[in-house]
Amino acid sequence: MANNETVIPPPPPPTSVSNGTAHPTTTTKTAQKPNYTLKYTLTGHTKAVSSVKFSADGNWIASSSADKTIKIWSAEDAKIERTITGHKMGICDVAWSHDSKLLVSASDDKTLKIWDFSTGKCLKTLKGHSNYVFCCNFNPQSNLIVSGCFDESVRIWDVRNGKCLKTLPAHSDPVSAVNFNRDGSLIVSSSYDGLCRIWDTASGQCLKTLIDDDNPPVSFVKFSPNGKYILAATLDNTLKLWDYSKGKCLKTYTGHKNSKYCIFANFSVTGGKWIVCGSEDNMVYIWNLQTKEIVQKLEGHTDVVLCTGCHPTKNIIASGSLENDKTIKIWMSDN
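Residues numbered from 1 in each chain as written. Predicted model: local features only at pLDDT ≥ 70, side-chain atom pairs only at ≥ 80, totals over all residues. Heavy atoms only, no water.

Notes on the overall build of the protein chain
Link 1 in the chain: Check the secondary structure of the protein chain and you find zero helices and 28 strands.
Link 2 in the chain: By the compact-globule yardstick of 20 Å for 335 residues, the protein chain fits well, its C-alpha radius of gyration being 19 Å.
Link 3 in the chain: In terms of overall dimensions, the protein chain has a C-alpha envelope of 55 × 45 × 35 Å along the principal axes.
Link 4 in the chain: The buried share of the protein chain, taken over its 335 residues, is 56%.
Link 5 in the chain: Long-range pairs, those at least 24 residues apart, make up 45% of the contacts in the protein chain between residues at least 6 apart in sequence.
Link 6 in the chain: In the form shown here, the protein chain has an accessible surface area of approximately 14,000 Å², with 49% of it arising from carbon and sulfur atoms.
Link 7 in the chain: Averaging the coordinates of the 37 positive side-chain charges in the protein chain and doing the same for the 31 negative ones gives two points 3 Å apart. (Helix = DSSP H or I, 4+ residues; strand = E, 2+ residues; numbered from the N terminus. Rg over C-alpha atoms; globule rule 2.2 N^0.38 Å. Buried < 20%, exposed > 50% of the residue type's maximum accessible area, 1.4 Å probe, protein only. Contact = heavy atoms within 4.5 Å. Areas by Shrake-Rupley, 256 points an atom, 1.4 Å probe, with all protein chains shown as cover. Lys, Arg positive; Asp, Glu negative; His and termini not counted. Charge placed at Lys NZ, Arg CZ, Asp CG, Glu CD.)

Focus: the environment of Cys-149
Link 1 in the chain: Along the chain, Cys-149 turns up in strand 11 (residues 144-149).
Link 2 in the chain: Separated by 19 residues in sequence, Cys-149 and Ser-130 have C-alpha atoms that sit 8.2 Å apart.
Link 3 in the chain: With near-sequence residues (within four places) excluded, Cys-149 lies in contact with His-129, Asn-131, Tyr-132, Val-133, Phe-134, Pro-174 and Val-175.

Remarks on the sheet that holds strand 14 (residues 175-180)
Link 1 in the chain: The strand order 14-15-16-17 describes an open sheet built from four strands, whose pairing is antiparallel. Both edges of this open sheet fall to strand 14 and strand 17 (206-211), since each of them pairs with a single strand only. Sheet twist, expressed as the mean angle between neighbouring strand axes with direction ignored, is 15°. (Pairing = 2+ DSSP bridges. Axes fitted to C-alpha atoms, helices over the stretch in contact; angles between N-to-C directions.)

Quick look at the sheet that holds strand 26 (residues 305-310)
Link 1 in the chain: Reading across the sheet, the four strands line up as 1-28-27-26 and stay open at both edges, with antiparallel pairing between neighbours. Unpaired on one side and paired on the other, strand 1 (37-42) and strand 26 mark the two borders of the sheet. Mean inter-strand twist for the sheet, computed between neighbouring axes without regard to direction, equals 25°.
Link 2 in the chain: Relative to strand 28 (residues 328-332), strand 1 runs antiparallel, the two being bridged by five bridges. Looking across to strand 28, one finds that Thr-41 is bridged to Lys-329.

Here's the deal with the pattern of salt bridges
Link 1 in the chain: Counted by the stated rule, this structure contains four salt bridges.
Link 2 in the chain: Note that Lys-314 is salt-bridged to Glu-76, the shortest N-O span being 3.8 Å. You can see Lys-314 sitting in the loop between strand 26 and strand 27 (316-321) and its partner Glu-76 sitting in the loop between strand 4 (70-74) and strand 5 (80-84), a full 238 residues away along the chain.
Link 3 in the chain: According to the relative accessible area criterion, Glu-76 is exposed, its value standing at 59%.
Link 4 in the chain: Here Lys-240 ties to Asp-212 by a salt bridge, and the two come within 2.6 Å at their closest N and O atoms. (Salt bridge = Lys/Arg side-chain N within 4 Å of Asp/Glu carboxyl O.)

Structural notes on the side chain of Asn-258
Link 1 in the chain: Following the sequence through the fold, Asn-258 ends up in the loop between strand 21 (248-254) and strand 22 (265-268).
Link 2 in the chain: Discounting residues that sit within four places of it in the chain, Asn-258 has contacts with Ser-219, Ala-233, Thr-234, Leu-235, Asp-236, Asn-237, Ile-263 and Glu-280.

A short note on the environment of Phe-267
Link 1 in the chain: For Phe-267, the location among the structural elements is in strand 22.
Link 2 in the chain: Distance in space between the C-alpha atoms of Phe-267 and Cys-277 is 9.1 Å, their sequence separation being 10 residues.

Concerning the confidence of the model for the protein chain
Reading predicted coordinates in detail is not appropriate for stretches of low pLDDT.
Link 1 in the chain: On average, residues of the protein chain carry a pLDDT of 93, and 91% of them reach 70 or more.
Link 2 in the chain: Segment residues 1-13: pLDDT under 50, and eight contacts once partners within four positions in sequence are set aside and those in other chains are kept.
Link 3 in the chain: A low-confidence stretch, residues 20-30 stays under pLDDT 50, and its non-local contacts, those more than four residues away or across chains, total 15 contacts. (pLDDT = per-residue confidence, 0-100.)

Some thoughts on the state of the cysteines
Link 1 in the chain: On inspection of all chains with the given rule, the structure shows zero disulfides.
Link 2 in the chain: The structure places no disulfide on Cys-122, whose sulfur is separated from the nearest cysteine sulfur, that of Cys-136, by 13 Å.
Link 3 in the chain: Assessed through its relative accessible area of 34%, Cys-122 is described here as partly exposed.
Link 4 in the chain: Here Cys-249 stays free of any disulfide, with the sulfur of Cys-196 as its closest cysteine sulfur at 11 Å.
Link 5 in the chain: The class for Cys-249 is partly exposed, based on a relative accessible area of 29%. (Disulfide = S-S within 2.5 Å.)

Observations concerning the side chain of Arg-155
Link 1 in the chain: Positionally, Arg-155 belongs in strand 12 (residues 154-158).
Link 2 in the chain: Buried charged residue Arg-155 carries no salt bridge. Nearest counter-charge: Asp-151, at 4.9 Å.
Link 3 in the chain: Polar side-chain contacts of Arg-155 include one of 3.5 Å to the side chain of Thr-167.
Link 4 in the chain: Beyond its immediate sequence surroundings of up to four residues, Arg-155 is in contact with Gly-128, His-129, Ile-145, Val-146, Ser-147, Cys-164, Lys-166 and Thr-167. (Polar contact = N/O pair within 3.5 Å; in protein donor to acceptor, adjacent residues only side chain to side chain.)

Following this line, the structure appears as structure tokens:
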């Protein structure tokens, strides 16, 4: 949407990720901080929680676990709605379709499964990967699924018939994350090989490779809500915000611990503009997106916080933790 952007004159404009315009941040020094507090602790998984995702309509939370199950919880009162079973091994990731009707899961059993949310039934099993499937996402139209795998490939699947449309020889090490941009035209992937790559969905061509000075393993990546930036996590305790069209790092977020696990990171844009990420010191870290300062640390988990998710319209964060904890915690803030 480059033709209707608002251009902010120097001094350097702030980075806005939530829409097409950049907002002057004259109130940076006095900007409110979030005040997230623990509202609910969700118990039920019997092994590590690998992923937590809010549905696009904001009504539900899906969690996946090494215990081979997906659990669906009410985002309103945190009650369990259903447990979905069918995978033969642990599940690494789960994602919602954009109409909140379908789920896709990625498993160590080398398959992905598409599930009907309303019934909990498996509609399709996606076979083709030759190792653990680690990450998955729907495109915005929800007619495609992208997956990343320990076999170093990225695959694009047809939701309707469950067929693999493309296999991208994406990386030279396991793929840690895959994500579509907001119109579905691009895919970003990250890998232990230290690279982030941007792919053209239609052709499967690699359009750009982002590489840092020293290339630590990239453990997570996703597009910003407006699709202009990517947020990448590396296993040197660092998160970076990139302008991928320029191949330039704009912001660096540090202070958390992340040298071992592929920990999810998020843009929180419902109140203030924050970056949210779990940590290996058992906390959830929240940074001011613009100033890069840590504005809150959420304490309560008793093991590594592997996954976090942000509600689409309310100031709610869900977090999930490894096997010494096994819980999901729901946090709420006024701003």
